[in-house]
Amino acid sequence: MAREYNRIYAKEFFEKSKRFLELAKNAVNQYPDEAAFIAIQATINANDAFTIAIIGKRASAEHNEAISLHKKAAAIIGESKSDVLNFELDKRSSTGYDIKTHLGRVEAEIFIKRTERFLSWVEEKIKDVD
C-alpha cells in the first residue's frame, strides 16, 4: 500500500538516489552485478522522489505499485519514464539475487547510464518542489 509523504521529503529521496548512483559508479569495475543492482536502487529512490514531489506518495515494496504511482504522477505532468522504471525493476531480481546470471562491466555501465538519465529527468521535474 502506498505511503503518504509530505512533498518536502522528495529532495531527501533524490539526494539518496544520487549517493546510490555514486556507489554504483565506484563499484562497476570490480563488482558489475552489484553495481547494476545499486544503480537500480538509485532509480527506485529517484522514482520515490518523483512521486512524492508530484502526488505526495511513495510505493511500498511492491514494484507494480511503484510503476502505478509513477504513471499517476506522470499523467499530471504529461511525461513519463515508466518504460525505464519497468525495465530496471524487472532486472532487479536477476542483478541482485540470481547467482546464475552475471553482468559484465559494459552491461553494468549501461544500467548506470540509464540511471543517470532517469535521475536527470527526475531532477528537472522536482526542482521547484519546496
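Owing to the predicted nature of the structure, the values given are computational and were not obtained by experimental measurement.

(A) Expanded view of the packing of aromatic side chains. A full pass over the atoms with the stated rule returns 5 aromatic pairs. Between Y5 and F13, the aromatic rings sit 5.4 Å apart at their centres with planes inclined by 85 degrees, giving edge-to-face as the arrangement. According to the relative accessible area criterion, Y5 is partly exposed, its value standing at 25%. Judged by relative accessible area, which is 14%, F13 ranks as buried. Seen in terms of ring centroids, F50 and W121 are 4.9 Å apart; in terms of plane orientation they differ by 50 degrees. Their pairing is tilted. You can see F50 sitting in helix α2 (residues 32-55) and its partner W121 sitting in helix α5 (residues 105-126), a full 71 residues away along the chain. Taking relative accessible area as the criterion, W121 reaches 7% and is therefore assigned buried.

(B) Region of the structure containing the packing of α2 against helix α3 (residues 63-77). The contact between α2 and α3 brings their axes to 9 Å, and the two run at 45 degrees. By the angle between their directions, the pair α2 and α3 is classed as oblique. As α2 runs across α3, the sense of the crossing is left-handed. Residues I44, N47, F50, T51, I54 and I55 of α2 form the contact with α3, whose own contacting residues are H63, A66, L69, H70, K72, A73, A74, I76 and I77. For the contact of α2 with α3, the residue count by class is 10 nonpolar, 4 polar and 1 charged.

(C) Expanded view of the pattern of salt bridges. Applying the stated criterion across every chain, the model contains 8 salt bridges. One salt bridge in this structure joins E116 and K25, with 2.7 Å as the shortest N-O distance. Linking E116 in helix α5 with K25 in helix α1 (residues 10-27), this pair joins segments that are 91 residues apart in sequence. Judged by its relative accessible area of 36%, K25 falls in the partly exposed class.

(D) Fine view of the side chain of N45. If you trace the backbone, N45 turns up in helix α2. The buried category is assigned to N45, whose relative accessible area is 5%. Beyond its immediate stretch of four places on either side in the chain, N45 contacts F13, K16, S17 and F20.

(E) View of the nonpolar core. Core analysis: the biggest nonpolar cluster contains 35 residues, and F14, I112, F118 and V122 have the highest contact counts within it. Sorting the residues of this core by element identifies α1, α2, α3, α4 (82-96) and α5 as the ones contributing at least two each. If one sorts the elements of this core by residue count, α2 sits on top with 11 residues. Those residues within four positions of F14 in sequence are excluded, and the remaining contacts are A46, A49, L119, V122, E123 and I126.

(F) Highlighting the confidence of the model for the protein chain. In the predicted model, the protein chain carries a mean pLDDT of 90, and the fraction of residues at 70 or more is 92%. Within the protein chain, the element-level pLDDT minimum falls on α4, averaging 77, and the maximum on α1, averaging 97.

(G) Up close: the environment of R3. By the secondary structure assignment, R3 is in strand β1 (residues 3-4). Taking the C-alpha atoms as reference, R3 lies 29 Å from K113; in sequence the two are 110 residues apart.

Cut-offs and rules
- Residues numbered from 1 in each chain as written.
- Predicted model: local features only at pLDDT ≥ 70, side-chain atom pairs only at ≥ 80, totals over all residues.
- Heavy atoms only, no water.
- Phe/Tyr/Trp six-rings, centres within 6.5 Å; stacked < 30°, edge-to-face > 60°.
- Buried < 20%, exposed > 50% of the residue type's maximum accessible area, 1.4 Å probe, protein only.
- Helix = DSSP H or I, 4+ residues; strand = E, 2+ residues; numbered from the N terminus.
- Axes fitted to C-alpha atoms, helices over the stretch in contact; angles between N-to-C directions.
- Parallel < 35°, antiparallel > 145°, perpendicular 65-115°, else oblique.
- Left-handed = near helix turned anticlockwise from the far one by under 90°.
- Contact = heavy atoms within 4.5 Å.
- Nonpolar A, V, L, I, M, F, W, Y, C, P; charged D, E, K, R; others polar.
- Salt bridge = Lys/Arg side-chain N within 4 Å of Asp/Glu carboxyl O.
- Core = buried A, V, L, I, M, F, W, Y, C linked by side-chain atoms within 4.5 Å.
- pLDDT = per-residue confidence, 0-100.

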